[in-house]
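Below, each chain spelled out in residue letters.
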Amino acid sequence: MLHSISRRRALITGGTLLAAPALARHGWAQGGYPNKPIRIVVGFAAGGATDILGRIVANHLQTTWNVQAIVDNRPGAGGNVGADIVAKAPPDGYTLLLGTVGSAVTNQFLYKSMPFDTATAFAPVALVGEVANVLAVHPGVAAKTVQEYIALAKAKPGQLNYGSPAIGGTGHLAMEYFKSLTGIQVEHIVYKGSALVIQDLLPGRIPSVMDNLPVYLPHIQSGGIRALAVTSSKRWFNLPDVPTIAESGVPGYDAAPWWYVSAPAGTPADIVKKLSDEIVRGIKLPDVEKKIRDAGAAPLPGTSEELAKHIAAETVKWKKVADAAGLKPE
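From a predicted model like this one, the values you see are computed outputs, not experimental measurements.

*Asks:* How do you make sense of helix H7 (residues 170–182) when you look at a structure like this?
*Replies:* Quick reminder: α-helices carry 3.6 residues per turn. Residues three or four places apart thus point the same way. Taking 1.5 Å per residue as the helical rise, H7 with its 13 residues ought to reach 18 Å, and the 18 Å between its terminal C-alpha atoms agrees with that figure. For H7, a buried count of 10 out of 13 residues is recorded, marking the element as mostly surrounded by other parts of the structure. Among the residues making up H7, those that are buried are Gly171, His172, Leu173, Ala174, Met175, Glu176, Tyr177, Phe178, Lys179 and Thr182. Positioned one or two residues after H7, Gly183 has a phi angle of 75°, which is positive.

*Asks:* Before we go on, may I ask you to explain the sheet that holds strand S1 (residues 38–42) in this structure?
*Replies:* Note: strands within a sheet are paired through backbone hydrogen bonds, in either parallel or antiparallel orientation. Taking strand neighbours across the sheet as the criterion, the 6 strands line up as S2-S1-S3-S10-S4-S11 in an open arrangement whose pairing is mixed. The strands lining the two open edges of the sheet, one partner per strand, are strand S2 (69–73) and strand S11 (298–302). Strand-to-strand twist across the sheet, computed as the mean angle between neighbouring axes with direction ignored, equals 25°. In terms of strand pairing, strand S4 (residues 122–130) meets S11 through 3 bridges, oriented antiparallel. When the bridges of S11 are listed, Gly129 appears paired with Pro299. Each of S1, strand S3 (95–100), S4 and strand S10 (258–264) is contacted by helix H4 (residues 80–87), which is oriented at about 150° to S3, the strand it contacts most. Where helix H10 (residues 269–283) meets the sheet, it contacts S3, S4, S10 and S11, and its direction lies at approximately 0° from that of S4.

*Asks:* I'm lost on the packing of helix H3 (residues 49–65) against H10 in this one. Help?
*Replies:* Between two packed helices, the angle of one axis relative to the other and the distance separating the axes together describe the packing. Where H3 contacts H10, the two axes come as close as 10 Å, and the packing angle between them is 105°. The pairing of H3 with H10 is recorded here as roughly perpendicular in orientation. Of the residues in H10, those in contact with Val57, His60, Leu61, Thr64 and Trp65 of H3 are Lys274, Leu275, Glu278, Ile279, Arg281 and Gly282. Taken together, the residues of the contact of H3 with H10 break down into 5 nonpolar, 3 polar and 3 charged.

*Asks:* For this particular structure, what's the right way to read the packing of H7 against helix H12 (residues 304–325)?
*Replies:* Packing of H7 against H12 leaves a shortest axis separation of 9 Å and a crossing angle of 80°. It follows that H7 is roughly perpendicular to H12 by the angle criterion. Together, Leu173, Ala174, Glu176 and Tyr177 of H7 and Lys317, Trp318, Val321 and Ala325 of H12 make up the contact between the two elements. Among the residues making up the contact of H7 with H12, the classes are represented as 6 nonpolar, no polar and 2 charged.

*Asks:* What exactly am I supposed to notice about H12 here?
*Replies:* End to end, H12 covers 31 Å across 22 residues, agreeing with the expected 32 Å (1.5 Å per residue, within 8%). Packing partners of the buried residues in H12 comprise helix H5 (101–104), S4, H7, S10, H10 and S11. Trailing H12 by a residue or two, Gly326 shows a phi angle of about 70°, which is positive.

*Asks:* How should I be thinking about the pairing of S4 in this particular structure?
*Replies:* Consecutive residues of a regular strand have side chains that alternate between opposite faces of the sheet. A large share of S4 lies buried, amounting to 8 of its 9 residues. Pairing analysis gives 7 bridges linking S4 to S10, with the strands arranged antiparallel. What sits directly across from Phe122, in S10, is Pro264.

*Asks:* Sorry, what's going on with the sheet that holds strand S8 (residues 208–212) here?
*Replies:* The strand order across the open sheet built from 5 strands is S7-S6-S8-S5-S9, with neighbouring strands paired in mixed fashion. The two strands at the open ends of the sheet, each matched to only one other strand, are strand S7 (187–190) and strand S9 (226–230). On average, each strand axis in the sheet is tilted by 30° relative to the strand beside it, whichever way the strands run. Each of strand S5 (133–137), strand S6 (161–164) and S8 touches helix H8 (residues 194–201); the most contacted strand, S8, lies at about 155° to it.

*Asks:* Explanation requested: the pattern of salt bridges in the structure shown.
*Replies:* Any two side chains of opposite charge can pair, on the condition that their charged atoms come close. A complete count under the given rule lists 13 salt bridges for this structure. For Lys88, the salt bridge goes to Asp84, with nearest N and O atoms at 2.4 Å. The closest approach of N and O atoms between Lys317 and Glu314, which form a salt bridge, is 2.9 Å. Taken together, the residues span about one helical turn, with Lys317 and Glu314 both in helix H12 at a distance of 3 residues. Each member of the pair, Lys317 together with Glu314, is buried. Several salt bridges share partner residues, and in doing so they unite Arg39, Asp72 and Arg74 into one network.

Conventions and cut-offs
- Residues numbered from 1 in each chain as written.
- Predicted model: local features only at pLDDT ≥ 70, side-chain atom pairs only at ≥ 80, totals over all residues.
- Heavy atoms only, no water.
- Helix = DSSP H or I, 4+ residues; strand = E, 2+ residues; numbered from the N terminus.
- Expected span 1.5 Å × (residues − 1).
- Buried < 20%, exposed > 50% of the residue type's maximum accessible area, 1.4 Å probe, protein only.
- Pairing = 2+ DSSP bridges.
- Axes fitted to C-alpha atoms, helices over the stretch in contact; angles between N-to-C directions.
- Contact = heavy atoms within 4.5 Å.
- Parallel < 35°, antiparallel > 145°, perpendicular 65-115°, else oblique.
- Nonpolar A, V, L, I, M, F, W, Y, C, P; charged D, E, K, R; others polar.
- Salt bridge = Lys/Arg side-chain N within 4 Å of Asp/Glu carboxyl O.

The values reported here are purely geometric and, on their own, carry no functional implication.
What follows is the structure, encoded as structure tokens:
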């Protein structure tokens, strides 16, 4: 999804072992947690945004606690394969999930046979980061603002279409949310990956797109496509002149995909707190924040309690969207 992946991964994974003083500095007693390798399961292939965020978290824990932290990529079923591994792991703090809004919230509305109970299988640990989706159009489209896009869609109901890389993906759900708040009808054209969306958007074979921002950013900056708005609650750090959908006349709209860390349900509360405190502290460090932004994401540090509240609120929101869109688990 992101460009310059190899360079960023080299930055993230390079030089990760520190000497023993790091352990002493944080005061972990010998024999206490953590005293063996920590595995962070990522439910997506290496090289994507979720993998990069997982390696950022792993690197921070490893350098801070002087224990090995390993990223274990287990792709499949929108992140469910990896999440299921963590759900069934011993609740001792040594197997963690770097998950997405899918594994935490939306997959339960899209998959008929979930291998775990989203609400009870995990102990929330920390929020990590978020990314904006972007509503963008080919420069030949008359709409230059969100309100003009809405007007265009209403003038030609069902004739305007947009591309995104997956049914039930964050771009698709973000557009369904947008449709539910604006009353427009636009048709979804599904592609097998963002690169294929771009191939049709640049020459104007499709008029618009709703998808994760980072992969489209170079084409926005070059003028190859026109960004109308971002889906986050605030303007995006590397696209400051582009408004949010909320400030473009759709108040309350917020559809930024996010990442988090969780542990198996039953993990001792003191271990969850140690992990939460350290991950949140780490995300606020300037060098870690820079790595997250270099990956096209924005830091979103949140405690275990804040993550639990976030999941609850997002579950209510996305269930309404899924129901309104008529999405059925398959």
